[in-house]
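Structural features, examined
Spelled out from the first residue to the last, the chains are:
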Amino acid sequence: VNTTSLGDVNVNDSVSWSTNLLTLNAQNNININVALNGSGTAGLVLEYGQANLNVGNLSSYNVNAPVNLASTSSFSTKLGNDVAATSYTVLTALGAEGSNTASDLQGMNGGLTGNYVLGANIDASATSTWNSDLAATPTYAGFTPIGALFTSFNGTFDGLGHTVSNLTVNTPMTNNVGLFGAV
């Protein structure tokens, strides 16, 4: 990690840790250019724009490489020097059909105002056989989109450099479909 005269923190070498909190504190921006690898109970705190108040603060954290965190990790962000940190739930699993646990990707429907980050890539191949219509030759609707028209997702979601792959949503006669149904 190095800093510049602009007050930026630039992560240019891989960092791994397994316990405690890693706090990156920048007067301006945080730029994650190489993977961060937190495991176990490791936590990550990104405090950026600390030279100014929150209101009107244009500083940012920029994820240019994956931030790998375990589901047991903590993650929080803080923009500006006058506000409390915002905590996130770290997601590393797809979850089960119909989940509403707010602790896995499908389960985000159980916490539509929550703050979530992906701590790992998620393979959603299992969704291809979810939500069967129980016909003799069944079709599968797949993943239930996060949020719906009158119950939209009002939280925060950040992939932290990760992907959700092989997601099936097979509802051709329905509006508001995809990973998110309505935000």
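In what follows, the accompanying structure is described.

Digging into the nonpolar core
Grouped together as the largest cluster of nonpolar side chains are 21 residues, with contacts concentrated most on I30, L36, L44, L46, L69 and F75. Those elements that place two or more of their residues in this core are β2 (9-11), β5 (30-32), β7 (43-48), β10 (74-79) and β11 (86-91). The biggest single contributor to this core is β7, with 3 residues. Sequence-distant contacts of F75, that is, excluding residues within four places in its chain, are made with L44, L46, L69, T86, S87, Y88, V90, V117 and L160. By size, the runner-up hydrophobic cluster in this structure holds 14 residues, among which are L105, M108, Y116 and F153.

Regarding the pairing of β11
As paired strands, β10 and β11 are joined by 3 bridges and run antiparallel to one another. Each residue of the ladder has a partner; that of F75, found in β11, is Y88. Connecting β10 to the next strand, β11, in antiparallel fashion are 6 residues, including G80 with a positive phi near 95°. Across 3 bridges, the pairing between β11 and strand β12 (residues 115-118) is parallel. Within β12, the residue paired with T89 across the bridge is Y116.

As for the pairing of β7
Burial analysis of β7 places 6 of its 6 residues in the buried class, which makes it a mostly covered element. Residues G43, V45 and E47 line one face of β7 and the alternating positions L44, L46 and Y48 line the opposite face, and both faces are buried. Pairing analysis gives 5 bridges linking strand β4 (residues 21-25) to β7, with the strands arranged parallel. Bridging across to β7, L22 finds its partner in L44.

Thoughts on the sheet that holds β10
Strand order in the open sheet made by the 6 strands is β4-β7-β10-β11-β12-β14, with mixed pairing throughout. One side of each edge strand has no neighbouring strand; the edge strands of this open sheet are β4 and β14 (156-158). Taking each pair of neighbouring strands and ignoring which way they run, the sheet shows an average axis angle of 20°.

Re the packing of aromatic side chains
Tallying each qualifying case throughout the model produces 6 aromatic pairs. With 5.3 Å between their ring centres and 70° between their planes, Y48 and Y61 make a pair best called edge-to-face. Taken together, the residues Y48 in strand β7 and Y61 in strand β8 (residues 61-63) connect sequence positions 13 residues apart. Of the two residues, Y48 and Y61, neither departs from the other in class, the shared state being buried. Note on F153 and F180: the rings are 5.2 Å apart at their centroids and 45° apart in plane angle, and the pair reads as tilted. On the criterion of sequence distance, the pair formed by F153 in the loop between β13 (122-123) and β14 and F180 in the segment after β15 (164-165) is long-range, its members being 27 residues apart.

Reading the values: the criteria
Sequence order as written defines residue numbering, which begins from 1 separately in each chain. In view of the model being predicted, local features appear only for residues whose pLDDT reaches at least 70, and side-chain atom pairs are presented and counted only at 80 or more, with totals across whole chains, interfaces and linings using the full set of residues. Side-chain figures throughout are based on the complete set of non-hydrogen atoms in the structure, without hydrogens or water. By nonpolar core we mean a set of buried residues, namely Ala, Val, Leu, Ile, Met, Phe, Trp, Tyr and Cys, connected to one another through side-chain atoms within 4.5 Å. Buried, partly exposed and exposed residues are distinguished by accessible area as a fraction of the type maximum, computed with a 1.4 Å probe on protein chains only: under 20%, between the cut-offs, and over 50%, respectively. A run of DSSP states H or I qualifies as a helix once it reaches four residues; a run of E qualifies as a strand once it reaches two. Both are numbered from the N-terminal end. By definition, residues are in contact when any of their heavy atoms lie within 4.5 Å. A pair of strands is labelled paired if DSSP reports no fewer than 2 bridges between them. Orientation is described by axes fitted as lines to C-alpha atoms, over the contacting stretch for helices, and by angles from 0 to 180 degrees between their N-to-C directions. Under the pairing criterion, centres of Phe, Tyr and Trp rings, with the six-membered ring standing for Trp, must be within 6.5 Å; the plane angle then separates stacked pairs below 30 degrees from edge-to-face pairs above 60, leaving the rest tilted.

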